[in-house]
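Per-entry structural report
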Amino acid sequence: MKDSHLLEQNAGFPWSAAGMSFIPEVLGNLNLAWFSLNPEGLITAVSENLSALVGQPAQKAVGKKFTNFLHPDDRERVMERFAELEQNIIEPFEYRITFRDNDFFYVRTSSFPEFENDRLVAIHGFILVTDSRKNTSENERLKQLVRHLPVMVNAIDEQGNFVVWNHECERVTGYSADEVIRNPEIMSKLYPDPELYHKMVLEGNFRKDYRDFVAPLRTKDGAIRTISWTNVSSSIPIPGWQEWAVGLDVTDKTRDKQKLIEQERLFQSVFALSRDGMVLTDINGNIFEINPSALEIIGLQDKEVAEGLNLFEKLGYDHELFFRQFVQPDNSPVLNKISRLKRDEGDELVIDMSVAPAYDHTGDPWYLTVTLRNITEKIKQEQELKTALEKAEQSDRLKTAFLTNMSHEIRTPMNAIVGFANILAQQTLPETEQKEYASYIEQSSDTLLHLINDILDISKIEAGEINLHKEQFLLNDFMKSLIPVFEEHKKKYQKGNLDIQLIAPENNEPIVLYTDKTRLQQIITNLVTNAIKFTAEGFVKIRFYKKEKKVVFSIEDSGPGIPPEEQKVVFTRFRQVDNSLTRKSGGAGLGLAICRNLVNLLGGKISLESAPDRGSCFIFNLPVQEVENIPDRIVPLSASEHPDWSDKSIIVAEDEIFNYVYVEQVLKPTGIKIIRAGNGAEAVDFCRKGKLPDLIILDLRMPVMDGFSALTAIRELYPEVPAIAMTAFSMSNEKQKCLENGFNSYLAKPVRPVQLLNEINRIMKS
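Definitions and cut-offs
Residues numbered from 1 in each chain as written. Predicted model: local features only at pLDDT ≥ 70, side-chain atom pairs only at ≥ 80, totals over all residues. Heavy atoms only, no water. Helix = DSSP H or I, 4+ residues; strand = E, 2+ residues; numbered from the N terminus. Polar contact = N/O pair within 3.5 Å; in protein donor to acceptor, adjacent residues only side chain to side chain. Contact = heavy atoms within 4.5 Å. Core = buried A, V, L, I, M, F, W, Y, C linked by side-chain atoms within 4.5 Å. Buried < 20%, exposed > 50% of the residue type's maximum accessible area, 1.4 Å probe, protein only. Axes fitted to C-alpha atoms, helices over the stretch in contact; angles between N-to-C directions. Left-handed = near helix turned anticlockwise from the far one by under 90°. Nonpolar A, V, L, I, M, F, W, Y, C, P; charged D, E, K, R; others polar. Pairing = 2+ DSSP bridges. pLDDT = per-residue confidence, 0-100. Salt bridge = Lys/Arg side-chain N within 4 Å of Asp/Glu carboxyl O. Phe/Tyr/Trp six-rings, centres within 6.5 Å; stacked < 30°, edge-to-face > 60°. Parallel < 35°, antiparallel > 145°, perpendicular 65-115°, else oblique. Patch = residues over 30% accessible without salt bridge, like charges linked within 9 Å, V, L, I, M, F, W, Y side chains within 5 Å. Areas by Shrake-Rupley, 256 points an atom, 1.4 Å probe, with all protein chains shown as cover.

**Topic: the side chain of Ser 610**
Residue position: Ser 610 is located in strand β21 (residues 605–610). Reaching out from Ser 610, the side chain makes a polar contact with the backbone nitrogen of Ile 562 at a distance of 2.8 Å. With near-sequence residues (within four places) excluded, Ser 610 lies in contact with Gly 561, Ile 562, Gln 567, Gly 615 and Ser 616.

Pasting the structure below:
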């Protein structure tokens, strides 16, 4: 029997005290009564008819110990029997009880345990008064009454045929009493399980052994119901009933239990696999259950270690204060809070924490369900998005300000150029006014050209199209050659009282630099021009010196200085210290951004030292490479100096007449012989017919034959003839392209007179 999986010895009696309330109504004056005890042995309920049986108000026994009503000689034996009840092996037995002094009754008891989650919660039983003074011959009345009990009651005779099948059996199974009683086939219909049928029908000793069991029963319509049976034959024998049992339909209860099991499995699966951390704690925050995700968030490896910690203390809270503020019943049922968790590894996480208290039946907090979500990356991404949005909005504002400023910066010099050009063309003016207006046009042209160059440069830098052309040169001479340029800017900005100083190394040791000379000049000129523009009086000092393997340049002024908050963005494009409509100096806000990028491209670094009312000092350095040969020193020409080249000849190939006339006017004071070619083919024809020129200047884009093709053809005749490319092509790789195709030099239009003269002078002397 104990090996059968179908016979659950611990199924327990399915009634409770509340469920047995019908019994007083049906027992009437029978000698049969019922009672209920709690696990401590206190009487919790008795049936009303017990009062009549014992001649005393039996309800007074409720709340008192059961042992108080036992005969002293039977007390130990009865309690031993009741102790066996937890194993369900008790047999009906007889003993004595009393409800009044010295008046004992012999009773026979059959008791049934009630379990909840395998824990004994109550003991129920029937008491049959067997005292001779009471009438015990009322079994026939009992047979009639049990048919109306609201529980299933059936009985079988010695042949195993049903002789009792009450109304509840009919209701649950759908079989009427006529279909069941004395029907030898009914047992196989009711019990579809072959093993159970074999034990119940073919093994006759089963009926003598079993006590409580739960078994599936098939109803008339084919449904399977689950019935919990209790055999009461031994405790209450009735003539003609070989055995009789009381049953309760627990199908719904079993189904609910199975559903609870499935729900618990589902919860355990969700709990274990959830990507969010889930923790169960007591009301003080002590962990008693934690899932793997929460272990990972907190930074723990061992679940057993975690279950000994206080979660809120781990998160940096005083758990008592936390409980008072957020977990009391009158607060919100769910707390959402963003917390920071510093893990043992040293890193800090941002945690989105939800706390939901669970309450017991009295309304007091029972335990807490805590959900933890690591939102560190989310917060980081949101912050990055916010920063990017702010930058985009700032960029949009800067772009708008830039376009507005560009319109102003372009139209201002254009107004002077167009206006004074019209005056010079339409009016007869004195020579002094003509020179004055021409100088205005020249200055405005320089301003416009500088602006265009800056825009092109910043575009090329951002597109990564800046190509460097490095060469060796004497830095000392190079720096001296820039003084006239600085003086021109000083005159342009009307800073006659400004002292511009070039401070060379103390020992005057020649410094050979290997870098892009054009870009270095652009950097220094931008920085010095800024200093001149923003310094009303005082000085601008340009220093250069060698320090270890670097050359250091500094441009210091005595101007107003730059506020600390502006120093952070001064090298950013389109940013200017003064963006107001009342600012004194113009500009696009590109110069310093270009300087920073060019210095980086040349392998150096640039920095700023400044304070309000104490001036500014821009410092940058460039790497120095050791060289064996020092280049020949060629002293640059001044703006008013014109060499004598009367014994020299030059071909100028230029299809635009005004560009040719410009070159002709610049070179005229030198006395050099100039031969004009309208395109590359004419230049080649002249070289074939005439004598070898000392120098050739070629535009690159010309009709009939371009400058590259013309140089190739001329070099076939005169391999050593020097050539200068003078072109409006000024992209980053244009100079390199010209040098790689045989040109000795490259000049980007527009070309200043002193620049053209110095380049020709350099080539003539080299």
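**A short note on the nonpolar core**
Residues Leu 475, Leu 520, Ile 524, Phe 553 and Phe 620 are the most contacted members of the largest nonpolar core, which totals 43 residues. Take this core: its biggest share by element is seven residues, from helix α19 (residues 517–534). Setting aside residues no more than four positions away along its own chain, Leu 475 makes contact with Ile 511, Leu 513, Leu 520, Phe 544, Val 551 and Phe 553.

**Here's the deal with the environment of Leu 70**
Position of Leu 70 relative to the elements: it lies in the loop between α2 (49–54) and α3 (75–83). Residue classification places Leu 70 among the buried positions, given a relative accessible area of 2%. The contact partners of Leu 70, leaving out residues within four places of it in the chain, are Arg 75, Val 78, Met 79, Tyr 95, Arg 96 and Ile 97.

**Examining the packing of α19 against helix α21 (residues 591–601)**
Between α19 and α21, whose axes approach to 10 Å, the crossing angle comes to 145°. Where α19 crosses over α21, the two elements pack in a sense that is left-handed. Between α19 and α21, the contacting residues are Arg 519, Gln 522, Ile 523, Asn 526, Leu 527 and Asn 530 on the first element and Gly 591, Leu 592, Ile 594, Cys 595, Leu 598 and Val 599 on the second. Partitioning the contact of α19 with α21 into residue classes produces seven nonpolar, four polar and one charged.

**Section: the sheet that holds strand β6 (residues 152–156)**
One open sheet accounts for five strands, arranged β7-β6-β10-β9-β8; its pairing is antiparallel. Two strands bound the open sheet, and with one partner strand each, they are β7 (162–165) and β8 (212–218). Across the sheet, the mean angle separating the axes of adjacent strands is 30° when strand polarity is ignored. Sheet topology places β6 next to strand β10 (residues 243–249); five bridges connect them, and they run antiparallel.

**Digging into unusual backbone geometry**
The omega angle of the peptide bond from Lys 749 to Pro 750 is 0°, so this bond is cis rather than trans. Phi at Asp 613 is positive, roughly 65°, even though this residue is not glycine. By the secondary structure assignment, Asp 613 is in the loop between β21 and β22 (616–623). Residues other than glycine seldom take positive phi values, yet Val 704 does so here, at roughly 70°. Within the secondary structure, Val 704 is located in the loop between β25 (695–698) and α24 (707–717).

**Focus on the confidence of the model for the chain**
For the chain, per-residue confidence averages 78 on the pLDDT scale, and 81% of positions sit at 70 or higher. Predicted confidence is poor over residues 1–29, with pLDDT under 50, and the contacts of this stretch with residues over four places away or in other chains come to 71 contacts. The low-confidence segment residues 132–137 (pLDDT under 50) makes eleven contacts with residues lying over four places distant or belonging to another chain.

**Focus: the pattern of salt bridges**
For side chains bearing opposite charge, pairing can occur when the charged atoms are close. Evaluation of the coordinates by the stated rule reveals 13 salt bridges. Linking Asp 157 and Arg 182 is a salt bridge whose minimum nitrogen-to-oxygen distance equals 2.6 Å. Taken together, the residues span a long stretch of sequence, with Asp 157 in the loop between β6 and β7 and Arg 182 in the loop between α6 (177–180) and α7 (186–190) at a distance of 25 residues. Its relative accessible area of 51% is what places Arg 182 among the exposed residues. Asp 276 is paired through a salt bridge with Arg 373; the nearest N and O atoms lie 2.6 Å apart. One end of the pair, Asp 276, is in the loop between α10 (251–273) and β11 (277–282); the other, Arg 373, is in strand β15 (residues 365–374), and 97 residues separate them in sequence. Several salt bridges converge on common partners, so that one network encompasses Asp 74, Arg 77 and Arg 96.

**Side note on the pairing of β6**
Two faces belong to every sheet, and in a regular strand the side chains alternate between them. Where burial is concerned, most of β6 is hidden: five out of the five residues are buried. Because side chains alternate across β6, one face comprises the buried residues Met 152, Asn 154 and Ile 156, and the other comprises Val 153 and Ala 155, equally buried. Taken together, β6 and the strand that follows it, β7, pair antiparallel across an intervening segment of five residues, in which Gly 160 is found at a positive phi of about 85°.

**Structural notes on the sheet that holds strand β20 (residues 550–557)**
Taken in spatial order, the five strands of this open sheet run β17-β19-β20-β22-β21, and their pairing is mixed. Edge positions in the sheet fall to β17 (498–503) and β21, since each has one partner strand and no second. Between one strand axis and the next, the sheet turns by 10° as a mean value, whatever way the strands run.

**Concerning the packing of aromatic side chains**
For the structure on display, the rule yields eight aromatic pairs. When the ring of Phe 35 is compared with that of Phe 66, the centres are 5.8 Å apart and the planes differ by 10°; the resulting orientation is stacked. In this pair, Phe 35 is assigned in strand β1 (residues 32–37) and Phe 66 in the loop between α2 and α3, connecting sequence segments 31 residues apart. When its relative accessible area of 3% is taken as the criterion, Phe 35 is described as buried. Aromatic pair Phe 708 and Phe 743: ring centres 6.0 Å apart, planes at 75°, arrangement edge-to-face.

**Some thoughts on the packing of helix α23 (residues 680–689) against α24**
Where α23 contacts α24, the axes come no closer than 9 Å and their chain directions differ by 10°. Between α23 and α24, the interaxial angle falls into the category roughly parallel. Judged by residue contacts, Gly 680, Ala 683, Val 684, Cys 687 and Arg 688 of α23 engage Ala 710, Ala 713, Ile 714 and Leu 717 from α24.

**Description of a nonpolar patch on the surface**
Together, Ile 410, Met 414 and Val 418 line one region of the surface with nonpolar side chains, adding up to about 220 Å² of accessible area. Relative to the helices and strands, Ile 410 resides in helix α15 (residues 376–426).

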